[in-house]
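Listed here are the chains, written in short residue letters.
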Amino acid sequence: MGEKLMQIGEVSERTGLSLRTIRHYEDVGIVAPSERSMGGFRLYTEAEVRRLALVRRMRPLGFCLDDVSALLDVLEQLPDDGRPLPESAEETHEELVERLRTYWVKADARCEDLRRQLGHAEDFARSLHGHLARLVDAATATDADAEAVR
């Protein structure tokens, strides 16, 4: 029995990417459907969903599509089980691991930057909440004073 194939709508639901975005990633060579149905609908495997999920996680960190493509290339060349490449490809393996490490360092730095930005945004939201609370309290006090005068 073959691997389950999914239509683009299911892939969209699973990855959180729009149909248009998935088609764009196909156009630029990031992902390609494994097959087409008899009716011409794109059909994707779990491997393509994983590729798209990786893209989805990289984009908020500011990685461009060239970065995405390069990282996918690295990941495709490295064995999934973490084993090194055969001894004859030891130099290639070390180069791939170093490239992967470079992406990790960049992603880690970008996450830290986003944490700082989020902290600033949360401070701003708290300040707005404080302003609003003071206005509501002042309005409530004014209404209570006016009610006491009556």
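Up top is the structure these notes are about.
Computed from a predicted model, the values in this text were never measured in an experiment.

Calculation rules
Residues numbered from 1 in each chain as written. Predicted model: local features only at pLDDT ≥ 70, side-chain atom pairs only at ≥ 80, totals over all residues. Heavy atoms only, no water. Helix = DSSP H or I, 4+ residues; strand = E, 2+ residues; numbered from the N terminus. Rg over C-alpha atoms; globule rule 2.2 N^0.38 Å. Buried < 20%, exposed > 50% of the residue type's maximum accessible area, 1.4 Å probe, protein only. Contact = heavy atoms within 4.5 Å. Areas by Shrake-Rupley, 256 points an atom, 1.4 Å probe, with all protein chains shown as cover. Lys, Arg positive; Asp, Glu negative; His and termini not counted. Charge placed at Lys NZ, Arg CZ, Asp CG, Glu CD.

Draft legend 1. Representation of the overall build of the protein in the model. Each helix and strand counted, the protein has five helices and three strands in total. Each helix (α) and strand (β) of the protein, taken in turn from the N terminus, gives the series β-α-α-β-β-α-α-α. Against the globule reference of 15 Å for 150 residues, the protein gives a C-alpha radius of gyration of 25 Å, more extended than a compact globule. Projected onto the principal axes, the alpha-carbon positions of the protein cover approximately 90 × 45 × 25 Å. Across the 150 residues that make up the protein, the buried fraction comes to 25%. The contacts in the protein between residues at least 6 apart in sequence include a share of 51% that link residues at least 24 apart. Total accessible area on the protein is roughly 10800 Å²; 54% of this is exposed by carbon and sulfur atoms. Computed over 21 positive and 29 negative side-chain charges, the separation of the two mean positions in the protein equals 4 Å.

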